[in-house]
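Inside the fold
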Amino acid sequence: MSLLEVRSASKNFGSLMAVRQVSLRVERGEMRAIIGPNGAGKTTFFNLITGFFPPTEGEIWFGGRDVTRLSAQRRVSLGMGRSFQVAEIFPELTVRENLRIAVEVGRGLALRPWLGRAKARLVRQAIDEVLAATGLTTKAARLAGELTHGDQRATEIAMVLALRPRLLLLDEPTAGMAEQETYDTVALIRRLHRMNRLTVILIEHDMRVVFHLADRITVLDRGRLLAEGLPDEIAANPAVQAAYLGEPA
Amino acid sequence: MSTAIGERALDRLPVSRYKWPGTALLWLALLMVPLWVPWAGGYVELAGRALVLGLAAMGLNFLLGFTGVMSFGHAAYFGLGAYGAGLMLKYVTGSTLLALFTGTLLGGLAGTILGALIVRRRGVYFAMVTIAYGQIFFYIAYRWNSLTGGDDGLRGFARQPLGVGSWVINIQNNATLFYYFLLAVFAIATGAMAFRLCSPFGRTLIAILENERRARYLGLPVERHIWLAFSVSCFVCATAGALYALLNNFADPMTLHYSLSGEIVIMAVMGGMRTFWGPLLGAAVFVVLQDYISSITVNWMSFIGLLFVLVVLFFPRGLLGILGQRGAP
Ligand SMILES: Nc1ncnc2c1ncn2[C@@H]1O[C@H](COP(=O)(O)OP(=O)(O)O)[C@@H](O)[C@H]1O
Ligand SMILES: [Mg+2]
């Protein structure tokens, strides 16, 4: 059984068909890339998967369960973790405080009037682990809003990881990053994927990143599923080449 | 933090390493009110009024300052607290504490139930519905003459002395003792709010305030947490309203009116909604100016309005914000 299955999902905004009958199966432990020109509907597709809004048509199944009608927060608690195209963090909190909230919410402690000693230690350990895993340990005391683009994205990914998700959805994780930051981010994603057998879906513009990371690639174009396959197959696909040449990303 | 982009959001919380001196000073000042207020030209009842309205403004700010959700209808719960306490004393019991408890429960539960119906609304819609709720209670109190006294308000009750074992504390006629009664209730209510804010729950409120989308995508049931904050804030306003009825031995339909809701918002914003104690300062300034200026002109509200505009324009963090983020309690 696939971890995620999208069955012919569509999303219309008025007369604009942003996503048209796109289906997708992602297996456990897979690293999937979604590519396509600007405005192809990639982010909208993520929004359908994660429950940002309901699909006009179609179904979303996650972990063998129909989640089409579940709220975003329910899907998150079922194990969908998501980053956004523009990092969504708590800018006026330190990196550690950002993670603390994520850990406390993720472990169901959000309504506790009081954390006992044991629970407080558990939270601290979880934060330290995620900080170490994402290379943010030395920046833990900084305000998240003051960090570089790359570190803000790392903070967002760290927060999502703190939830211990089963599926990680990353929307253009390297967009706007300098060479070194891109390199670090790719290394981070790969490490997370390898070490935890985490299932990852990433939307990505940078083709080097895509071909470096992805097991399989899905191509969207003007809301439609244009192609899906192994990186080599996609690179050789004439329709994909036409889409990219006809409308450069 | 040397290069802060702004303040640190957790600085809103009432407890931290560098806040305790300010907080200690504040409590000292509150405890000594009967000593210094008359010396400064005021009177103890006025301080009691500031304390009670300050509690209401702090209650509103539990919602406004810590989740960013604006209500223009909190007078409804304040007024229900006042009528709850007044009706209890008039028709049912001679116990001041029971009246306080009833008023708190009436306003708090009404807010909790009504809050559940509107937490999905945001911004202007939320504010409009809160006003509408408030006006419903206003008209009930206004029309139901036989029970509530209609537009004359509810009279014919008085707070009773507190009996503690064989002790009798005469809060009825002794203004100083009654002030300390108010202060004790104030301490419990603000202590409960501070405790709630310094828990994981308090941090979730700041998370919603800082970035609602991220809060939701951490799996936080945002609506439920806003509802809980709304509920806490209504309970506190209801307590304040009940105290207000005890203070005046009178429940006024204007305590239910949206104009009072607006005044409570003004107190919170003017005092500093980014701080826990700011609304208390706002209420104190409001009450003192009202007392002073209304003896000179009937247009006292335009003076307060002017002051409010000046504060919002020049000190957007409110009066307590002027004292500096670090030193402020
Ligand atoms: N919430 C929305 N309301 C209206 N139109 C939208 C909304 N979100 C996206 N769109 C439109 O849908 C199309 C696809 O957008 P998007 O999914 O962001 O593309 P991509 O992420 O592939 O660049 C675009 O034409 C965009 O303008
Ligand atoms: Mg996009």
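Summary of the structure given here.

Basis of the calculations
Residues numbered from 1 in each chain as written. Chains lettered and ligands numbered in written order. Predicted model: local features only at pLDDT ≥ 70, side-chain atom pairs only at ≥ 80, totals over all residues. Heavy atoms only, no water. Near = heavy atom within 4 Å. Polar contact = N/O pair within 3.5 Å; in protein donor to acceptor, adjacent residues only side chain to side chain. Areas by Shrake-Rupley, 256 points an atom, 1.4 Å probe, with all protein chains shown as cover. Helix = DSSP H or I, 4+ residues; strand = E, 2+ residues; numbered from the N terminus. Nonpolar A, V, L, I, M, F, W, Y, C, P; charged D, E, K, R; others polar. Core = buried A, V, L, I, M, F, W, Y, C linked by side-chain atoms within 4.5 Å. Buried < 20%, exposed > 50% of the residue type's maximum accessible area, 1.4 Å probe, protein only. Contact = heavy atoms within 4.5 Å. 1 Å grid on protein atoms, 1.4 Å probe; cavity = no way out; pocket = protein on both sides within 12 Å on 5 of 7 lines; lining within 4 Å. Points joined across faces, edges and corners; volume = space filled by probe spheres on them.

Moving on: the site of ligand 1. All names here are of chain A. Surrounding ligand 1, one finds F13, L16, A18, N38, G39, A40, G41, K42, T43 and T44. Between A40 and ligand 1, the recorded distance is 3.2 Å, taken from a backbone N or O atom to an oxygen atom. In the model, an oxygen atom of ligand 1 is placed 3.0 Å from a nitrogen or oxygen of the G41 main chain. For ligand 1, the accessible surface in isolation is 560 Å², of which the surrounding protein chains cover 61%. Take the shell around ligand 1: its biggest share by element is three residues, from helix α1 (residues 42-50). Looking at the shell around ligand 1 residue by residue, the class counts come to four nonpolar, five polar and one charged.

Right, let's get into the nonpolar core. Counting residues in each nonpolar core, the largest one holds 155 residues, and the members touching the most others are Y77, F181, F186 and L243 of chain B. In terms of residues, this core owes the most to one element, helix α3 (residues 44-67) of chain B, which gives 16 residues. Discounting chain neighbours no more than four positions away, the residues touching F181 of chain B are T96, L97, L100, L162, I171, L243 and L246 of chain B. If you look at the next biggest cluster of nonpolar residues, it comprises 25 residues, including L3, I60, V67 and I201 of chain A.

Over the atoms rolls a probe the size of a water molecule, and in doing so it shows where empty space is left. Residue and element names in this part refer to chain B. For the largest pocket, the calculated volume is near 680 Å³. Taken together, 27 residues form the lining of the largest pocket, with L30, V33, W36, L281 and A284 sitting closest to its centre. Taken together, the elements giving at least two residues each to the lining of the largest pocket come down to α1 (20-31), α2 (33-39), α3 and α13 (278-293). Residues of the lining of the largest pocket, tallied by class, amount to 22 nonpolar, four polar and one charged.

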